[in-house]
Amino acid sequence: MRNDLETMKTVLEGLSSRTSTSDGLAAERRPVPFANAVPVDPAPSAEDLRPVHDLRDTLQRRRSLLHYAQQPVRTDVILSSLGDVLARDRADWGLDDTAGELVAFVFAFRSEGAPAGVYRVTAGETAHLAGPDELGPPEDLGVQREFSTAAGIVALYADLDAADSWAGSHGYRVSLVRASMATYDFHLRCQALGLVGTVFGGLIPSSVRHLVQGDGVTRHPLLAATYAHPMPS
Ligand SMILES: Cc1cc2nc3c(=O)[nH]c(=O)nc-3n(C[C@H](O)[C@H](O)[C@H](O)COP(=O)(O)O)c2cc1C
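Note that the structure is a prediction, hence the values are computed from the model and not measured. (Residues numbered from 1 in each chain as written. Predicted model: local features only at pLDDT ≥ 70, side-chain atom pairs only at ≥ 80, totals over all residues.)

*Asks:* Explain unusual backbone geometry to me, please; I cannot follow it from the model alone.
*Replies:* Of note, Gln213 is a non-glycine position whose phi angle comes to about 50 degrees, a positive value. Residue position: Gln213 is located in the loop between helix H8 (209-212) and strand E9 (220-227). Exposure remark for Gln213: the 17 C-beta atoms within 10 Å place this residue in the partly exposed category. (Helix = DSSP H or I, 4+ residues; strand = E, 2+ residues; numbered from the N terminus. Buried ≥ 20, exposed ≤ 12 C-beta atoms within 10 Å, placed from the backbone.)

*Asks:* How do you make sense of the sheet that holds strand E3 (residues 103-108) when you look at a structure like this?
*Replies:* Either a parallel or an antiparallel arrangement is found when strands of a sheet pair, and the pairing is made through backbone hydrogen bonds. Strand order in the open sheet made by the 7 strands is E1-E6-E5-E3-E7-E9-E8, with antiparallel pairing throughout. Two strands close off the open sheet at either side, each with one partner strand: strand E1 (38-39) and strand E8 (199-200). The sheet contact formed by strand E5 (residues 117-121) and strand E6 (residues 126-130) spans 4 bridges and is antiparallel. Across the sheet, residue Val118 finds its bridge partner in E6, namely Ala130. Where helix H4 (residues 75-93) meets the sheet, its contacts fall on E3, E5, E6, strand E7 (152-158) and E9, and the angle it forms with E3 comes to roughly 170 degrees. Here helix H7 (residues 160-192) sits on the sheet and contacts E7, E8 and E9; the angle it forms with E9, its principal contact strand, is near 0 degrees. (Pairing = 2+ DSSP bridges. Contact = placed C-beta atoms within 7 Å. Axes fitted to C-alpha atoms, helices over the stretch in contact; angles between N-to-C directions.)

Pasting the structure below:
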């Protein structure tokens, strides 16, 4: 644990700078497209999305868990929930056009309701990018092996190039806050649906870089969460 407060204060003060740390020309760059993406339209029923716990119970029961039941999770429900989460981010912050949009990548290991593999979700569209064979061993995705025993992992990516051109280090800070809000929004929706998981920072970006075109700048992972059914009590 870092306890060097002077260094930390310098870092925190630096985050208030609105001067771009780069050339400020993100609008002139185009992230690599997903040529082989197959659009999907997840449409779970209202019943599938109905919470089994109300807000009070969700908040009281919620805790991070690293041990999971091995049954598959309805990936169509995960994709639909994420679409709602990202639409909410877009509407609440109104920053997609200036500071870049948030994107969720779903790594579905054990899936029903949709094929396993890799998905890309934005506020406006969802697509299947790759199957489980291309994804490789789930344990390669995280620094803790427990993450790979979940039914899947969701990682929130931001466009740090756009955020920096918009407002320098402050743009990076806002991207972190947006990604955190979206991750917890997703995590709490899972908990309300009777699923479990943990929010975590330890995704290994290089393990999926080739699948998500993660260049570390226009697409950079900021926070992630596992999801799964709970172990029988
Ligand atoms: C930014 C962030 C990063 C985290 N990274 C990890 C992680 O790498 N591994 C892990 O097991 N938990 C991680 N967690 C989860 C915390 O360990 C967990 O939220 C904390 O222990 C509080 O427990 P609770 O969620 O049950 O309240 C992270 C949480 C946050 C907010």
